[in-house]
Amino acid sequence: MQTRYLILFFISVILTNLSCKNAKNEVPEKGVSFALNEYRKKTIDNIHYTIELEIPSQKTQAIEGKEIVTFNLKSLDSALVMDFNTDSAHLHSIKSAGKEIAYNFVNEHIVIKTDQLVKGENELEITFIAGDLSLNRNEEYLYTLFVPDRASTCFPLFDQPNLKASYSLTLKTPKDWEAVSNGILKEKMSAGDQTVYQFEKTKPISSYLFAFAAGKFFKTEKMVRNRPMTMYYRETDSVKVKRNRDEVFDLHEKSLTWLEDYTDIKYPFGKFDFVLIPSFQYGGMEHPGSIFYNESSLFLDENAPVNRKLARASVIAHESAHMWFGDLVTMDWFNDVWLKEVFANFMAAKIVHPSFPEINFDLRFLLAHYPGAYEVDRSSGTNPILQKLGNLKNAGTLYGGIIYQKAPIVMRQLEKKIGENLMRESLREYLKAFSFSNAKWDDLIGSIDKKSPEDITTWSNVWVKTPGMPEYELVGDKDEILIQQKKDSLSDRIWQQPLSINWKELFAEGNVRLNITNAPQSVRKPDLPAMIFPNADGAGYGYFKMDSVSEDYFLKNYNAGKDTMFVNPVFRGAILVSIWEGFLRGDGELPERYVNALLNVIPKEQNALILDYLLGNVQTIWWTFLTDQQRNQNQGRIEKELWKLLETTPDKGMKNSYFRVFRNITMTEDGLKKLESLWNDKLKVKDLILSEEDKITLAYELVLKGKGDGKMIFDKQLDNTKNPDRKSRMQFVIPALSLQQNIRDAFFESLKKPENREHEAWVLEALGYLNHPLRAKSANKYLKESLDLLQEVQLTGDIFFPQRWLGATFSGHSDQESADIANAFLKGNPDYPYYLKNKILQSTDLMNRAVKLKK
C-alpha cells in the first residue's frame with residue numbers, strides 16, 4: 001500500500017528505532033522516551049519491588065515510603081535510569097549492600113552510574129516520600145490510578161509496560177481503614193493506632209496495573225459457584241446495595257467463566273476483588289486481582305433503563321476480559337494500547353449477550369460503537385487506530401473514541417472476514433505464546449495472515465494504520481443505480497468491507513449485498529423509481545449519503561407497519577444513524593424540521609435502545625443547533641410531548657429516560673413547576689422512582705433555570721443528601737451554578753490550581769453547568785483560558801481528562817464567537833502539540849457544524 005500516511009508512519013518508526021542507539025549517551029528527557037524504553041527492555045529483567053507505605057490519617061500529611069528493588073542488569077555500558085516523577089526533595093536515600101550510593105536526579109529520573117552497580121543481580125534500597133499526584137487522596141480513603149505512566153509519580157521504578165515485575169506490598173493505615181491490592185492478603189495486624197496489611201507477591205504485571213486502595217470501605221465477601229470474591233464499596237444506601245449486590249457478583253462470575261472457556265486459560269491472577277469508588281475517573285480500571293469501578297456504574301437506581309443495565313454488564317465484562325487481554329498479555333509499547341481495549345470491548349459484547357436474551361445485540365453493537373466512532377472520525381482531528389508515540393508521558397492522549405468505538409467495529413469485521421473459529425484459535429495461540437509477557441498488533445496479524453487465504457495485512461494497513469472513514473454515494477440514472485466509495489486525500493485507499501443495501505419500489509422491495517472494491521457497483525436496475533437504504537444491516541462503517549426522497553419516506557412512514565423492512569430494529573437503527581450523520585454534514589433536514597420529525601418518530605418507537613439514541617439526538621439538536629427563537633417557538637410542544645410519554649409509557653426504564661430529557665429541556669413555567677413538585681415530593685408519577693442523585697440534579701436544574709430561591713433549594717438538598725460523598729461533590733459544584741457572575745468567575749479561577757482539579761468527575765460536572773447553553777454568552781470568556789490550561793490538565797490529570805475537559809467546556813457553546821475563539825487559539829499556536837490539537841478539533845467539531853447550519 002503506497003499512501004502518504006503509511007510512508008510517513010513507517011519512516012517515523014524507523015527513525016524512532018534508530019534513535020535508540022544513542023539513548024545510553026544522553027541525559028534522559030522527561031517521561032519515558034521510546035529510546036529509553038527500548039534500551040531498558042534489552043538490558044533489564046527479573047524485577048521485583050518490595051514496597052512499604054505508611055498512610056497517615058490526615059490527607060495533608062506526607063506518606064513515607066521504603067522500597068527494595070531487585071533486578072538483573074545485563075549490561076554496564078550505560079548509567080541506570082529509574083523513573084520518579086516528583087522532585088528531588090521526595091527522595092531521601094538510595095543504598096546498595098547497606099551503603100548509601102551516589103545518584104543524580106535529572107528530569108524526574110534517578111540516574112545511577114555504572115560504578116555503583118554490578119552486572120547481574122542488583123538490589124537497591126530506597127527511602128522516599130510518595131508523590132500524591134495519582135494517589136487520589138480523600139479524607140476517608142485513597143486509591144491509586146497509575147495508567148499509563150503514573151506509578152512513577154508515587155514511587156521510584158522502571159515505569160514502562162514491557163518491564164513486567166512482581167510486587168510485594170505492605171500498607172500501614174489508620175486503624176479503622178480497610179486495604180486491598182493486587183496480591184492476596186497475607187497478614188493483617190493491629191499496631192497501636194494503625195493496621196498493617198501485608199500482601200503476597202504478585203504475578204509479573206506491568207507497572208500501570210499495580211494498584212492499592214485504602215480507607216473506610218464497606219466489604220462484602222461471597223463465594224459464587226466455587227469462586228471467592230470480595231467487593232469493597234462506599235455507598236451508604238443499604239437498600240440500593242442489597243438490590244444490586246448479587247447481580248454484580250453474578251455478572252463477574254459469568255464473565256470469568258465465559259473467558260476461561262473462550263481462551264482455554266484459567267483466570268491467571270489467583271484472587272479476585274473489586275473496589276467501587278465514588279466519582280471514579282473511568283467506568284473501570286483492570287488492575288489484576290483488584291479491579292476498580294465507578295460506584296454509580298454498578299449500583300444502579302431502581303427501575304434503571306435497559307441501557308444502564310447493559311452498560312453495567314458491559315463494563316464488568318470489559319474489565320474482566322482485560323485479565324487476559326491487557327494484564328496476562330500486555331502491549332509492548334503504549335502505541336498499541338488500543339489492542340487491549342479492542343479485545344476487552346470485543347469480548348464484552350460476546351459475554352453480555354447470553355445475560356440479555358431479550359436484547360438485539362447487533363442493534364446494541366451498532367448504537368454503542370458507530371455514533372461514538374463517527375463523532376471523532378468525521379472531525380479534522382481524527383487519528384488512526386494505531387498511533388505514533390514518542391514518549392510515554394503523552395500516552396494518555398491516545399485514548400478516545402477511535403480506540404473504544406471504532407476499533408471493536410474493525411475487530412468485528414476481521415472476525416467476519418476470517419471466521420469465528422480461526423479468530424478464536426488465533427487468540428488462544430496469541431495468549432499462550434505471550435502469557436505474562438508483551439506483544440504487538442503485528443504479532444497477531446502476522447499469525448492470522450499465515451492461516452487465512454485473505455490478505456489481512458493489506459486490510460489492516462487501511463483500517464488500522466490510516467485515519468478517517470470512507471464515504472459512499474449513490475450514482476447513476478433512472479436505468480441503473482450504483483454505489484461507489486468517494487475518493488479522499490489518500491486516494492488509493494479501498495476500505496474493504498461488505499455492504500447490505502435495501503431498495504424499495506412501489507410494488508416491491510428487496511436487498512442486495514456487495515463487497516466494496518475500487519469500482520462502482522450496481523444496486524438496482526429499477527422498473528419504477530426506487531428508494532435506496534444503504535448499510536441496511538448496520539455492519540458497514542462510513543458515511544452513507546442518502547437521497548432526500550428515501551430519507552423523507554423513512555421518517556414519514558416510520559414503523560407504520562406497511563413495510564416489512566421496518567420490522568427489523570437493526571434496519572431502523574442503521575438508517576437513523578445514517579440520517580443523523582447526513583444532518584451533521586449539512587446533507588439532511590434543517591434543524592427545526594429535523595427535531596420535529598424526530599418528535600413524530602419517538603412515540604412510534606418501542607425499542608429502548610433506539611429510543612435512548614433518538615432522545616440523545618433530540619437534546620443535541622435542541623441545545624446546540626436550534627436558535628433561541630426556534631427553541632422558544634417549540635418549547636411548549638416538546639415539553640407536552642415528553643410529559644405525555646413520561647406519564648403513559650408502561651416501560652419503567654423508558655419512563656426514566658423520558659424523565660431525564662424532560663428535566664434537561666424544560667423551561668416553561670408549567671414545566672418548571674412540575675420539576676419543583678417532583679423535587680419536593682408534592683408530585684408523584686406512577687413507577688417513576690427518583691434517587692438521591694436524581695433529586696440533586698433536579699435541584700441543580702431548578703436553580704440554573706431560576707425557579708425558586710437558589711440558596712433555599714441548595715440548603716434543603718444538602719440537608720436531605722445522606723451520602724457523604726455525594727454531599728461533598730454537591731458542595732463543590734454549587735458555586736458553578738450561582739446566579740452571581742463574580743462567584744462563577746471565582747470558581748473558574750480556582751480551577752487553575754491543580755489541587756482544585758483533583759476530583760475530575762466533580763470538575764467536569766461543574767464545568768458543564770458553568771458552560772451550559774443558558775450561560776454560554778457569559779461563559780465565552782472562559783474558553784481561551786480553558787484552552788490555555790489544556791497542556792497542564794494533560795500533565796496533571798488522568799488519561800480521559802483532557803478530552804473531557806474540552807467536552808465540558810465547549811458542549812454548551814454553538815455560536816460564532818465561541819468558534820472564533822477556538823479557531824484563533826489554534827491559529828495563534830501553530831506549533832501546539834498535535835495530539836492535543838486533535839483533541840481540540842474533535843471537541844469543537846459539533847460546535848463548528850452548528851455555526852454553519854445556523855447561518
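Draft legend 1. Up close: the overall build of the protein chain. Scanning the protein chain from N- to C-terminus turns up 28 helices and 28 strands. At 28 Å, the protein chain has a C-alpha radius of gyration in line with the 29 Å of a compact globule built from 855 residues. When its C-alpha atoms are laid out on the principal axes, the protein chain stretches across 90 × 70 × 60 Å. Put simply, the protein chain has 855 residues, and 60% of those count as buried. Nonlocal contacts in the protein chain, meaning residues at least 24 apart in sequence, comprise 72% of its contacts between residues at least 6 apart. Summing over all exposed atoms, the protein chain offers an accessible surface of approximately 33,700 Å²; the carbon and sulfur share of this is 49%. Positive and negative side-chain charges of the protein chain, numbering 109 and 114 respectively, have mean locations separated by a distance of 2 Å.

Draft legend 2. Expanded view of the confidence of the model for the protein chain. For the protein chain, the average pLDDT comes to 94, and 96% of its residues sit at 70 or higher. Counting contacts from residues 1–23, a segment whose pLDDT is below 50, to residues more than four positions away or on other chains yields 33 contacts.

Draft legend 3. Main features of the pattern of salt bridges. The final tally for this structure, using the stated rule, is 61 salt bridges. Between Lys219 and Glu178 there is a salt bridge whose closest N-O contact spans 3.8 Å. Residue Lys219 is found in strand E15 (residues 218–224), and its partner Glu178 is found in strand E11 (residues 178–181); the two are separated by 41 residues along the sequence. For Lys219, a relative accessible area of 38% puts it in the partly exposed group. What makes Glu178 buried here is its relative accessible area of 18%. Between Arg631 and Asp628 there is a salt bridge, with its nearest N and O atoms 2.5 Å apart. Taken as a pair, Arg631 and Asp628 lie in helix H16 (residues 628–648) at a separation of three residues, close to a single helical turn. The exposure class assigned to Arg631 is buried, which follows from its relative accessible area of 9%. A relative accessible area of 52% places Asp628 in the exposed class.

Draft legend 4. Quick peek at the sheet that holds strand E3 (residues 80–83). If you walk across this open sheet you meet the three strands as E3-E7-E6, and the pairing is antiparallel. Two strands close off the open sheet at either side, each with one partner strand: E3 and strand E6 (104–106). Taking each pair of neighbouring strands and ignoring which way they run, the sheet shows an average axis angle of 30 degrees. When E3 meets strand E7 (residues 109–112), the two strands line up antiparallel, connected through four bridges. Note on E7: the bridge partner recorded for Met82 is Ile110. Running over the sheet, helix H2 (residues 34–43) touches E3 and E7 and is turned about 115 degrees from E3.

Draft legend 5. Representation of the pairing of strand E1 (residues 44–54). When E1 meets strand E2 (residues 64–73), the two strands line up antiparallel, connected through nine bridges. Bridged to Ile51 within E2 is Glu67. Two strands pair when backbone bridges link them, and E1 and strand E10 (residues 165–174) are joined in this way by eight bridges, in the parallel orientation. When the sheet's bridge partners are listed, Thr50 is paired in E10 with Ser168.

Draft legend 6. Examining the packing of aromatic side chains more closely. For the coordinates displayed, the defined rule picks out 62 aromatic pairs. Geometrically, the ring pair formed by Tyr143 and Phe280 is tilted, given 5.5 Å between the ring centres and 55 degrees between the ring planes. Pair noted here: Tyr143 is in strand E9 (residues 141–143) and Phe280 is in the loop between strand E17 (273–277) and strand E18 (284–285), with a separation of 137 residues, a long-range link. With relative accessibility at 4%, the residue Tyr143 sits in the buried group.

Draft legend 7. Seen up close, the sheet that holds strand E16 (residues 227–233). The strand order across the open sheet formed by five strands is E15-E16-E17-E19-E18, and the pairing between neighbours is mixed. Taken across any chain shown, the strands that pair with only one partner, and hence form the sheet edges, are E15 and E18. The sheet contact formed by E17 and strand E19 (residues 290–294) spans five bridges and is parallel. Residue pairing across strands places Ile277 opposite Asn294, the latter belonging to E19. Packed on one face of the sheet, helix H5 (residues 306–322) meets E18 and E19 and runs near 150 degrees to E19.

The rules behind the values
Residues numbered from 1 in each chain as written. Predicted model: local features only at pLDDT ≥ 70, side-chain atom pairs only at ≥ 80, totals over all residues. Heavy atoms only, no water. Helix = DSSP H or I, 4+ residues; strand = E, 2+ residues; numbered from the N terminus. Rg over C-alpha atoms; globule rule 2.2 N^0.38 Å. Buried < 20%, exposed > 50% of the residue type's maximum accessible area, 1.4 Å probe, protein only. Contact = heavy atoms within 4.5 Å. Areas by Shrake-Rupley, 256 points an atom, 1.4 Å probe, with all protein chains shown as cover. Lys, Arg positive; Asp, Glu negative; His and termini not counted. Charge placed at Lys NZ, Arg CZ, Asp CG, Glu CD. pLDDT = per-residue confidence, 0-100. Salt bridge = Lys/Arg side-chain N within 4 Å of Asp/Glu carboxyl O. Pairing = 2+ DSSP bridges. Axes fitted to C-alpha atoms, helices over the stretch in contact; angles between N-to-C directions. Phe/Tyr/Trp six-rings, centres within 6.5 Å; stacked < 30°, edge-to-face > 60°.

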